[in-house]
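Examining the three-dimensional arrangement
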Amino acid sequence: MTTPIERIVIRHLSGSKANQIEQLPVGDAREFTIGRDPASKIAFDPVGDSVVSRKHAVIRIEGEGDKLSFKISDAGSSNGTFLNGEWVSGEVELLPEDTIELGAKGPKFTFDVQPRPASFAARTQVIGIGDTAATRVIKTAEVAASTAVNAAATGAGAAEGSRVDGAAPKKSGIGQETVQRLIGEERRASRGALMATAAGIAAVLVLGGGILLWQQWRGEERVGGRISDIEKGQEEASAGVEGKVKSITGMTPQEIYDKYKDATAKIYLHWRLYDKTTGKPIYHQTFNVKVNKNETATLPAYVRLGPNTVVRWLTLDDDYRSNLAIDGAGSGSGFVVGEQGYLLTNKHVAAGWEIHFSAPKRLGVLFDYKGGPDWKRTKGYKGPDLRKYEVINLDDDAFSDIDDWVPDSGGLIFPSKPALAVPIGGGNIPDPSKADKRTFEGRNDTLETRFPGSRLNINASLVRASSDSDAALIKIDSPQALSTVELASQDAVTVGEKVVVLGYPAVSVSTFQQQSTQEGGGPVRRHFEEIPEATITDGIVSKLSPGVQQKDGVTTYSSTGDVIQLSITATGAGNSGGPVFDASGKVIGLFTYSKNRGNERVTLAVPIKYGRDLLRPQRE
């Protein structure tokens, strides 16, 4: 019956544990880990044994009873594992008295078990040409040669000096011929013995030299393999370090630009506001009035309905082409979030009628509404009193509500001719006590996208706009799958973190291409086409504005809503709707607009959660 192995014995030869012996109970254990990790079964000093990896190698027990065996394998270490001087590749058998080395010139220890079963013998030792056995072979050859010489001499003497009857030899003189013959025979015998000895020595040397050359070649091959493996390990370790550094420092602005520039598009827009009842476009009435004694100007008109209510004088007429259209035009930015042609951008880029509409000019002309003290319909003339007016500055606090008007929320329409200065429509009486007002709708006359390096505009359509923030989803039809950005799945934005913005600010240098075409035999036409290329700007998150929050019965809110404040000030109009990337290259927001106070400016971004909401029309 086989005696069960109770423990593994580790005798440390070098390293921080040199001359120490560890005895590890086997019990039910089937695996013994080796490394600088304190949890390793055979643990090394984290500082003193720096060649050893945290998880360097592992010894495994396989089989039971007489079939019990031990195996060792490298655990993906940086410097490799050696068994009896051989590089360990894969899983190899481990026998008593084997020497294990962790990394080139790293800690060494021998492996053994107690009690050692009779069937679990140590590895057979291979003796090299340089040991005492080789010396004995050569010595044996020398002795054989000497014996041959002596035998030749002894044989010659016996042949000449012995008698058949066993009596003492007869002393007699030896002639000259006999002496010469004996000398010749001895020389020949000695020469033969010497030649045999030389041949034996030469054979041994040739054999030894061959073995030495083979060992040297194998040694060089092993060293070359080890060097190659070490270099590979160093490359992998370097790549691992670079990966760890990358996880800390993140992508560089250039890397983000190279990866996502083709997924960022320039957007061209023009929208107008229409009256739903008549389908006509809506205008802001203007009048040419005296600003001062020496100057006149054409200014937009406003109507005072009551002590604290001032509204725009909106009209459906523009007979003299002097009124101001309620519209918006320009360019913005967007980024692809779906290969099928879905892009995210700002609401004020794709649906400008759904956000606050600033007055076109900061000066205006204000008329009082004539209709009685209760501001309701009475007999006689009702409407703006054109006999007197007041030039106003919309930057005054008294008129701050003017810029809060949202076009698609509706409004009051007045005719442009003074003789008919009465409100239009039964539900359009300018009565502040009623909610009745004309309903309006916005339409995109132009919504087109153009990608970097392209001269082609692609028509886009509005899919939906956010009701909570300045974000919108648009769609284009593309015959090819589009490059996309990656959206952050979490909203963990921190103050001070690095951010990068891509977009098409109008202030950036533009590139144009001139091309001549001739179609249908007509005249040559010259085209000037813009070739957009995205602009990249980097900075940090300088502040977080969480919007409206309620906690412990207290409501807090921000003057700008839920936005991310950035330190980036080198952008401007046209960058609206561009992606804001974090250090990992994920989009955390949509660049939206800036705020000025004197010469100081800050920029803001809409958190990407509002963009993700637009991509999920159904409940999850």
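Predicted model only: the values in this text are computed from it and were never measured.

**Here we look at the packing of aromatic side chains**
Each aromatic ring pair is summarised here by two numbers: the centre-to-centre distance and the angle between the ring planes. A full pass over the atoms with the stated rule returns eleven aromatic pairs. Judged by centre distance (5.2 Å) and plane angle (55 degrees), the ring pair of phenylalanine 287 and tryptophan 313 falls under tilted. Highlighted residues: phenylalanine 287 in strand 14 (residues 286–292) and tryptophan 313 in the loop between strand 16 (309–312) and strand 17 (314–315), separated in sequence by 26 residues. Each member of the pair, phenylalanine 287 as well as tryptophan 313, is classed as buried. Here tryptophan 313 and phenylalanine 367 contribute two aromatic rings whose centre-to-centre distance is 5.8 Å and whose plane-to-plane angle is 80 degrees, an arrangement assigned as edge-to-face.

**A word on unusual backbone geometry**
The amide bond that connects glutamine 114 to the next residue, proline 115, takes the cis arrangement and shows omega of -15 degrees. Here proline 115 is to be found in the loop between strand 11 (108–114) and helix 1 (132–161). A positive phi angle is found at asparagine 19, which is not glycine, with a value near 75 degrees. Structurally, asparagine 19 can be placed in the loop between strand 1 (7–12) and strand 2 (21–25). By relative accessible area, asparagine 19 is classed as exposed at 73%. Even without being glycine, lysine 105 reaches a positive phi, approximately 65 degrees. By relative accessible area, lysine 105 is classed as exposed at 82%.

**Focus: the sheet that holds strand 5 (residues 57–62)**
Taking strand neighbours across the sheet as the criterion, the five strands line up as 4-3-5-6-9 in an open arrangement whose pairing is mixed. At either end of the open sheet lies a strand with only one pairing partner, and these are strand 4 (42–43) and strand 9 (91–94). Here two bridges tie strand 3 (residues 31–35) to strand 4, and the two strands are oriented parallel to one another. Bridge pairing in strand 4 places isoleucine 34 opposite isoleucine 42.

**Observations regarding the pattern of salt bridges**
Under the definition given, this model contains 22 salt bridges. With its nearest N and O atoms 3.0 Å apart, the salt bridge here joins glutamate 441 to arginine 443. Residue classification places glutamate 441 among the partly exposed positions, given a relative accessible area of 26%. Taking the shortest distance from any N to any O, the salt bridge between aspartate 491 and arginine 612 comes out at 3.0 Å. One end of the pair, aspartate 491, is in the loop between strand 26 (472–476) and strand 27 (498–503); the other, arginine 612, is in helix 5 (residues 609–614), with 121 residues separating them in the sequence. A network of salt bridges, in which partner residues are shared, links Arg11, Glu97, Asp112 and Arg116.

**Focus: the side chain of arginine 36**
Along the chain, arginine 36 falls in the loop between strand 3 and strand 4. Look at arginine 36: it is buried, it has no salt bridge, and the nearest opposite charge is aspartate 49 at 7.7 Å. At 2.4 Å, the side chain of arginine 36 and the backbone oxygen of valine 52 are in polar contact. In this structure, arginine 36 is in contact with Phe44, Asp45, Pro46, Asp49, Ser50, Val52, Ser53 and Arg54, ignoring residues within four places of it in sequence.

**Observations regarding the side chain of threonine 264**
On the secondary structure map, threonine 264 appears in strand 12 (residues 264–275). By relative accessible area, threonine 264 is classed as buried at 0%. Excluding residues within four positions of it along the chain, threonine 264 makes contact with Gly334, Phe335, Phe451, Pro452, Leu502, Gly503, Tyr504 and Pro579.

**A look at the nonpolar core**
Soluble globular proteins tend to pack their nonpolar side chains together in the buried interior. Leu273 and Ile326 are the most contacted members of the largest nonpolar core, which totals 26 residues. When residues of this core are traced back to their parent elements, those giving at least two are strand 12, helix 4 (347–350), strand 24 (440–450) and strand 26. For leucine 273, the residues in contact, after removing those within four places along its chain, are Lys280, Pro281, Ile282, Ile326, Trp353, Trp405, Pro407, Asp408, Phe440, Glu441 and Gly442. Residues Ile5, Ile8, Phe70 and Phe111 belong to the second largest nonpolar core, which totals 25 residues.

Quick notes on the rules
Residue numbers run consecutively from 1 along every chain, following the written order of its sequence. Reporting in this predicted model follows two pLDDT cut-offs: at least 70 for local features of residues, and 80 or more for side-chain atom pairs to be given and counted; totals over whole chains, interfaces and linings ignore these cut-offs and use all residues. The side-chain values count all of the structure's non-hydrogen atoms but skip hydrogen atoms and water molecules. Pairs were defined over the aromatic rings of Phe, Tyr and Trp, the Trp ring being its six-membered one, requiring ring centres within 6.5 Å. Orientation was assigned from the angle between planes: stacked under 30 degrees, edge-to-face over 60, tilted for the rest. Helix numbering and strand numbering both begin at the N terminus, where a helix is a DSSP run of H or I of at least 4 residues and a strand a DSSP run of E of at least 2. Exposed residues in this analysis have more than 50% of their type's maximum accessible area, buried residues have under 20%, and partly exposed residues fall in between, with area computed by a 1.4 Å probe over protein chains only. Any two strands with at least two DSSP bridges between them are considered paired. Any Lys or Arg side-chain nitrogen located within 4 Å of an Asp or Glu carboxyl oxygen qualifies as a salt bridge. His is not counted, nor are the chain ends; Lys and Arg add positive charge and Asp and Glu add negative charge. Polar contacts, as used here, are pairs of N or O atoms within 3.5 Å; protein pairs need one atom able to donate a hydrogen and one able to accept it. Residues neighboring in sequence count only if both atoms are side-chain atoms. Two residues qualify as a contact provided that any one of their heavy atoms is within 4.5 Å of a heavy atom in the partner residue. For this analysis, a nonpolar core means a set of buried residues of the types Ala, Val, Leu, Ile, Met, Phe, Trp, Tyr and Cys, connected via side-chain atoms within 4.5 Å.

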